[in-house]
Amino acid sequence: MTGVAVVSGGSRGLGRAVCERLLADGWQVATFSRQPNEFVEQAQDKHAADFHWSPLDARDLGRLRGFARIAQERFGRVDLLVNNAGSLHQELFLTTAVQRMEDLLTTNLLAPMVLAQGCARVMMGGGGGAIVNVSSINAVRGYRGVAAYSAAKAGLEAFSRSLARELGPAGIRVNTLTPGFFDSDMTAQVTADNRDRIRRRTPLGRFGTVDEVVDAVMFLASPQSGFITGQRIIIDGGITC
Ligand SMILES: NC(=O)c1ccc[n+]([C@@H]2O[C@H](COP(=O)([O-])OP(=O)(O)OC[C@H]3O[C@@H](n4cnc5c(N)ncnc54)[C@H](OP(=O)(O)O)[C@@H]3O)[C@@H](O)[C@H]2O)c1
């Protein structure tokens, strides 16, 4: 299956890998991030007809709201939304400033909701689609130092289930992808000791690869998951089982 995909945070990490896979499979992709980088510039050259990137901070909810229309104007429709952009800040809750909590909740919860609303409206006009919300195992288990991030991701999962009920009749499937640790800029700060501890607690004994997470995104975007909605797939090597 191919179509038009909106991917938030497509410049680095998982978002970049999702964009690369979608483009390789023949999709048209509209994405944004705060900064461009080498990948964005190369994709704009190599896939000039099929790749769109905008400079956009997801916390600017007014501009974010319009992004689905930008994708529609460029490519005619939207079939898939991968709500990938996220940000992690680790700090004990008792010292976390309210401004920081607001920032984490805006980036990881409110922005995906606003983008889902814009994309779902366009999808309805096109007869349906799929939304994949990227959560985290922090929504499943408690970990020190990530209370606000965890609250946002748990909220995103609850949002996904209710949205699946609302949008199912319109032919729009909504699912959550819940990864454990995989290597990216976000986890580059994890110390060697903590990496060892995570490996020891993971039944499969390693971090995930970004490609393993992309495989699940592609499954949830595909007709092979055509009767799956309102569900969560946890990809964590078993650390939460
Ligand atoms: N890595 C892990 O182990 C892990 C585990 C569980 C869940 N996750 C989730 O997986 C998703 C992707 O994580 P990742 O590890 O690939 O992260 P990453 O390497 O830090 O990449 C994040 C991407 O999102 C963009 N982004 C961040 N904040 C943004 C904002 N305010 N507005 C627009 N774009 C923004 C970044 O570009 P700019 O900085 O240029 O804006 C970048 O393209 C996130 O939702 C994360 O919570 C990751």
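Structural data are supplied above this passage.
Residues numbered from 1 in each chain as written. Predicted model: local features only at pLDDT ≥ 70, side-chain atom pairs only at ≥ 80, totals over all residues. Heavy atoms only, no water.

A few points about the environment of Phe181
Applicable threshold: Numbering of helices and strands runs from the N terminus, with a helix taken as a DSSP run of H or I at least four residues long and a strand as a DSSP run of E at least two residues long. For every residue, the accessible area obtained with a 1.4 Å probe (protein chains only) is divided by the maximum for its type, and the residue is called buried under 20%, exposed over 50%, and partly exposed between those limits. In what follows, a contact means two residues having at least one pair of non-hydrogen atoms within 4.5 Å.
If you trace the backbone, Phe181 turns up in the loop between strand 6 (172-179) and helix 7 (192-201). Residue classification places Phe181 among the partly exposed positions, given a relative accessible area of 25%. Sequence spacing of Phe181 and Gly237 is 56 residues, and the spatial spacing of their C-alpha atoms is 9.0 Å. Every residue in contact with Phe181, bar those within four places of it in the chain, is listed here: Ile137, Thr187, Ile198, Phe207 and Gly208.

Focus: the packing of helix 1 (residues 13-24) against helix 8 (residues 210-221)
Our working rule: Orientation is described by lines fitted to C-alpha atoms, with helices fitted over the stretch in contact, and by angles between N-to-C directions that extend from 0 to 180 degrees. Working definition: roughly parallel below 35 degrees, roughly antiparallel above 145 degrees, roughly perpendicular at 65 to 115 degrees, and oblique for all remaining angles. Here is the rule for handedness: rotate from the far helix to the near one, and if that takes an anticlockwise turn smaller than a right angle the crossing is left-handed, while a clockwise turn gives right-handed. When residue character is reported, Ala, Val, Leu, Ile, Met, Phe, Trp, Tyr, Cys and Pro are called nonpolar, Asp, Glu, Lys and Arg charged, and the others, Gly included, polar.
Relative orientation of the contacting elements helix 1 and helix 8 amounts to 55°, with a least axis distance of 9 Å. In terms of their interaxial angle, helix 1 and helix 8 are classed as oblique. In the crossing of helix 1 with helix 8, the sense of the turn from one axis to the other is right-handed. In this structure, helix 1 contributes Gly13, Leu14, Ala17, Val18, Arg21 and Leu22 to the contact, and helix 8 contributes Val210, Asp211, Val213, Val214, Asp215, Val217 and Met218. The residue makeup of the contact of helix 1 with helix 8, split by class, is nine nonpolar, one polar and three charged.

So, the pattern of salt bridges
Put simply, the rule is: The rule for a salt bridge is simple: a side-chain nitrogen of Lys or Arg has to be within 4 Å of a carboxyl oxygen of Asp or Glu.
In the structure shown here, the tally under the stated rule is ten salt bridges. With a closest N to O distance of 2.7 Å, Asp79 and Arg77 form a salt bridge. Judged by its relative accessible area of 36%, Arg77 falls in the partly exposed class. With a closest N to O distance of 2.7 Å, Arg206 and Glu212 form a salt bridge. A single salt-bridge network, built from bridges that share partners, covers Asp57, Arg59 and Asp103.

The values reported here are purely geometric and, on their own, carry no functional implication.
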